[in-house]
Amino acid sequence: MTLLGATEGGGPIVCDQDTGICSNVVAAPVSVDAETGWGAEQTIAAVAIALLASVVLVPPMAARLVRERRRA
């Protein structure tokens, strides 16, 4: 249950239905400086993903090519 227009604390009073304890909810908006776009971190992550994929995918593909060449 939320009561609006509380006189103390400047925020709404919220009461817990289980315990019956009511308290003021006080919150302040916070602005965060966030960079948008492609940066060094994204480049490093992309390179790491490409390296991981190559470590996982290249050995089986190379083994298949070697096996096919031996048969021919």
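What you are looking at is a predicted structure, and each value in this text was computed from that prediction instead of being measured.

Student: What am I meant to see in the overall build of the chain here?
Tutor: When helices and strands are tallied, the chain shows 1 helix and 3 strands. Looking at the chain as a whole, 3% of its 72 residues qualify as buried. Pairs at least 24 residues apart make up 0% of the contacts formed inside the chain by residues separated by at least 6 positions. On the chain, roughly 6700 Å² of surface is accessible, and the fraction owed to carbon and sulfur atoms is 63%.

Student: Can you help me understand the state of the cysteines in this one?
Tutor: Should the sulfur atoms of two cysteines be covalently bonded, the bond is a disulfide. Applying the stated rule across the entire model yields 1 disulfide. Note on cysteine connectivity: Cys15 is disulfide-linked to Cys22, with sulfurs 1.9 Å apart. Note on the Cys15 and Cys22 pair: the S-S dihedral is about 105°, so by sign convention the disulfide is right-handed. Here Cys22 falls in the partly exposed class, since its relative accessible area comes to 44%.

Student: I keep staring at the confidence of the model for the chain and nothing clicks. Help me out?
Tutor: Do not read the fine detail of predicted coordinates wherever pLDDT is low. Per-residue confidence for the chain gives a mean pLDDT of 83; residues scoring 70 or more make up 85%. Put simply, strand S1 (residues 2-3) is where the chain has its lowest mean pLDDT, 48, and helix H1 (residues 40-71) is where it has its highest, 95. Low pLDDT, under 50, characterises residues 1-6; the stretch is placed with 13 contacts to residues that sit more than four places away or in other chains.

Student: Can you help me understand H1 in this one?
Tutor: A turn of α-helix holds 3.6 residues, and therefore any two residues three or four places apart point the same way. The terminal C-alpha atoms of H1 lie 46 Å apart, and with 32 residues this matches the ideal 46 Å at 1.5 Å per residue to within 8%. Of all the bends found along H1, the most pronounced is centred on Leu57 and spans about 30°, while Pro59, a proline, follows it within four residues.

Conventions and cut-offs
- Residues numbered from 1 in each chain as written.
- Predicted model: local features only at pLDDT ≥ 70, side-chain atom pairs only at ≥ 80, totals over all residues.
- Heavy atoms only, no water.
- Helix = DSSP H or I, 4+ residues; strand = E, 2+ residues; numbered from the N terminus.
- Buried < 20%, exposed > 50% of the residue type's maximum accessible area, 1.4 Å probe, protein only.
- Contact = heavy atoms within 4.5 Å.
- Areas by Shrake-Rupley, 256 points an atom, 1.4 Å probe, with all protein chains shown as cover.
- Disulfide = S-S within 2.5 Å.
- pLDDT = per-residue confidence, 0-100.
- Expected span 1.5 Å × (residues − 1).
- Bend = angle between axes of the 7 residues up to and from the residue.

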